[in-house]
Amino acid sequence: MNIRDNIETIRQITQKYSAKLITVSKTYPPEVISEAYQVGMRSFGENRVQELIPKYEALPKDIEWHLIGTLQSNKVKYIAPFVSLIHSIDSAKLSEAVNKEAQKHNRIIDCLLQIHIATEETKQGFSYTEAAEYLQSGKIGDLTHIRIIGMMGMATFTENQSQIRAEFKSLKAFFEKMKSSINLPNVALSEISMGMSGDYVIALQEGSTMIRVGSAVFGKR
Ligand SMILES: *Cc1c(COP(=O)(O)O)cnc(C)c1O
């Protein structure tokens, strides 16, 4: 299987669910990303700012870059001019930093709240309680240069499919609950970013609107 075939296969499934495929290009060089670009991919995900900047500079400007990994407040300034969607807002402090940098560039940056849905402690994100409190506090409403368009979650790394499914199901339920109860001008919940190479089919079945797939497209890192 080559990159073209991998993308074709995953794109077909993604389209069946009217979801979006974001190819995660972290660790792969620009030449490899170009192969995906040539078969029509325009949305790429990176998890490190230091790695994203040179790729942004080297590759065509019609690429939408998604920041999917842990983001430090002091790094936001480097991506604020061009980033398309930040999937990993995991604190009030970070959302304020993104707002501030977006304002400097006269942009409104789309963001997702990262929710901790896995059992591993290592994964980042708001707990359900923290996210609900943050949304209900209305504080996001003051951040006029960001727009919260949804939520991102990473399931536990496990062979247990029913556990993965339950984690995605709970994120979808929380998303729906917040969608129907939060009324802020810059919160418009429409996207659920869940599903990676090992679990994107389950994620799509459970309501994902964006899957973030790396190794199933580009091969082992
Ligand atoms: C690396 C990464 C992915 C993609 O992982 P694969 O298993 O290679 O598909 C998705 N989301 C995040 C946040 C990642 O860091």
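Residues numbered from 1 in each chain as written. Predicted model: local features only at pLDDT ≥ 70, side-chain atom pairs only at ≥ 80, totals over all residues. Heavy atoms only, no water.

K.L.:
How do you make sense of the overall build of the protein chain when you look at a structure like this?
P.N.:
Secondary structure summary: the protein chain contains nine helices and eight strands in total. A compact globule built from 221 residues would reach a C-alpha radius of gyration of about 17 Å, and the protein chain, at 17 Å, matches this within 12%. Classification of the 221 residues of the protein chain by burial places 51% in the buried group. Within the protein chain, counting contacts between residues at least 6 apart in sequence, those at least 24 apart form 60% of the total. Accessible surface for the protein chain amounts to roughly 10,400 Å². Of this, 49% is attributable to carbon and sulfur atoms. (Helix = DSSP H or I, 4+ residues; strand = E, 2+ residues; numbered from the N terminus. Rg over C-alpha atoms; globule rule 2.2 N^0.38 Å. Buried < 20%, exposed > 50% of the residue type's maximum accessible area, 1.4 Å probe, protein only. Contact = heavy atoms within 4.5 Å. Areas by Shrake-Rupley, 256 points an atom, 1.4 Å probe, with all protein chains shown as cover.)

K.L.:
Any chance you could explain the side chain of Asp 90 here in plain terms?
P.N.:
You can see Asp 90 is positioned in the loop between β4 (85–89) and α5 (92–104). Buried and unpaired, Asp 90 has no salt bridge, with Lys 93 as the nearest side chain of opposite charge at 8.8 Å. In this structure Asp 90 touches Thr 70, Gln 124, Gly 125 and Phe 126, once residues within four positions along its chain are discounted. (Lys, Arg positive; Asp, Glu negative; His and termini not counted. Salt bridge = Lys/Arg side-chain N within 4 Å of Asp/Glu carboxyl O.)

K.L.:
Would you mind going over the site of the ligand with me for this structure?
P.N.:
All residues adjacent to the ligand are Val 24, Lys 26, Ile 68, Met 154, Met 196, Ser 197, Arg 212, Val 213, Gly 214, Ser 215 and Arg 221. Within the backbone of Ser 215, an N or O atom sits 2.8 Å from an oxygen atom of the ligand. Contact distances for the ligand include 2.6 Å between an oxygen atom and a side-chain N or O atom of Arg 221. Contact with the protein chains covers 89% of the free accessible surface of the ligand, which is 390 Å². Looking at side-chain class alone, the shell around the ligand contains five nonpolar, three polar and three charged residues. (Near = heavy atom within 4 Å. Polar contact = N/O pair within 3.5 Å; in protein donor to acceptor, adjacent residues only side chain to side chain. Nonpolar A, V, L, I, M, F, W, Y, C, P; charged D, E, K, R; others polar.)

K.L.:
Please explain the pairing of strand β1 (residues 20–24) as it appears in this structure.
P.N.:
The side chains of a regular strand alternate between the sheet's two faces. Counting buried positions along β1 yields four of five residues, so the element is predominantly enclosed. With four bridges connecting them, β1 and strand β8 (residues 210–213) associate as parallel partners. Looking at the pairing, Ile 22 lines up with Arg 212 of β8. Note: β1 against strand β2 (residues 43–46), two bridges, orientation parallel. In the strand pairing of β2, Val 24 is matched with Gly 45. Of the crossover connections in this fold, the one passing from β1 over helix α2 (residues 30–38) to the parallel β2 is right-handed. (Pairing = 2+ DSSP bridges. Right-handed = clockwise from strand over helix to strand, strands pointing away.)

K.L.:
How should I be thinking about the environment of Ala 203 in this particular structure?
P.N.:
In this fold, Ala 203 is placed in helix α8 (residues 200–205). Its relative accessible area of 0% is what places Ala 203 among the buried residues. Sequence separation between Ala 203 and Ile 164 is 39 residues, and the spatial gap between their C-alpha atoms is 8.5 Å. With near-sequence residues (within four places) excluded, Ala 203 lies in contact with Phe 168, Met 194, Gly 195 and Ser 208.

K.L.:
Would you mind going over the pairing of β2 with me for this structure?
P.N.:
Side chains of β2 alternate between two faces, with Ser 43 and Gly 45 and Phe 44 and Glu 46 buried alike. Assessed by its sense of winding, the connection that carries the chain from β2 through helix α3 (residues 49–58) to strand β3 (residues 64–67) is right-handed.

K.L.:
Just checking my understanding: could you explain the packing of helix α6 (residues 128–137) against helix α7 (residues 161–181) for this structure?
P.N.:
The packing of two helices is summarised by the inter-axis angle and the distance between the axes. Viewed as axis vectors pointing N to C, α6 and α7 meet at an angle of 15 degrees, and their least axial separation amounts to 12 Å. Here α7 runs roughly parallel to α6, going by the angle between their axes. As for the relative orientation of α6 and α7, their crossing is right-handed in sense. Contacts from Tyr 128, Ala 131, Ala 132, Leu 135 and Gln 136 in α6 reach Glu 167, Ser 170, Leu 171, Phe 174 and Met 178 in α7. Taken together, the residues that form the contact of α6 with α7 break down as seven nonpolar, two polar and one charged. (Axes fitted to C-alpha atoms, helices over the stretch in contact; angles between N-to-C directions. Parallel < 35°, antiparallel > 145°, perpendicular 65-115°, else oblique. Left-handed = near helix turned anticlockwise from the far one by under 90°.)

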